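# Coordinate analysis (summary)
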Amino acid sequence: QVQLVASGGDLVQPGGSLRLSCAASTGTLDYYAVGWFRQAPGKEREGIGCIANTAGISHYSDAVKGRFTISRDNAKNTVYLRMNSLTPEDTAVYYCAAAGYCDAGAYDSPYIYLYWGPGIQVTVSS
C-alpha cells in the first residue's frame, strides 16, 4: 500500500510557474504509474497527465500539453508536476494518484488509480 502526500500548492500570478510534488510517505512509488488530476470550482475532476512506472513515458491532456511536465525521481520516492505559463483557468485543487499502469488511452480515467493523495490548492491570480 502507498500513501501519497502532495505539496507545493500556492498562489501564483498568470504567466508564472509552479512545481508540485507527490511523495510516498509509506511504500514505494517505483512500481507505480503516477497520474495528476485537478478539479476546478463547479467542474468535474479531470485527468491532466501521468508518468509510467517504467521508462518515464508520460501522457498529457490537450489542456496542459506543452506547458506541464511530469517527472519522477525514484531515489526520492517522488513524482513532480512542473507547471509553466499558468493561467487563471489552471486554478484548481490538484491531486496525485498511483496506478499499476497508465497509457495514452487511460491516463485520465480515475478508475485505474489505486491510491490517491489529498488535494492541494493551486490558485492563479493577479
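Just so we're clear, the structure is a prediction, and the values are computed from it rather than from any experiment.

The rules we used
- Residues numbered from 1 in each chain as written.
- Predicted model: local features only at pLDDT ≥ 70, side-chain atom pairs only at ≥ 80, totals over all residues.
- Heavy atoms only, no water.
- Salt bridge = Lys/Arg side-chain N within 4 Å of Asp/Glu carboxyl O.
- Helix = DSSP H or I, 4+ residues; strand = E, 2+ residues; numbered from the N terminus.
- Buried < 20%, exposed > 50% of the residue type's maximum accessible area, 1.4 Å probe, protein only.

## Examining the pattern of salt bridges
Applying the stated rule across the entire model yields four salt bridges. Its salt-bridge partner being Asp90, residue Arg38 comes within 2.8 Å of it at the nearest N-O pair. Residue Arg38 is found in strand β4 (residues 33–39), and its partner Asp90 is found in the loop between β8 (78–83) and β9 (92–99); the two are separated by 52 residues along the sequence. A residue is classified by how much of its surface remains accessible, and Arg38, at 6% relative accessible area, is buried. Overall, Asp90 belongs to the buried group, its relative accessible area being 1%. Among the ionic pairs, Arg67 bridges to Asp90, the shortest N-O distance being 2.8 Å. On the criterion of sequence distance, the pair formed by Arg67 in the loop between β6 (58–60) and β7 (68–73) and Asp90 in the loop between β8 and β9 is long-range, its members being 23 residues apart.

Honestly, that's just the spatial picture; any functional story needs more than this.
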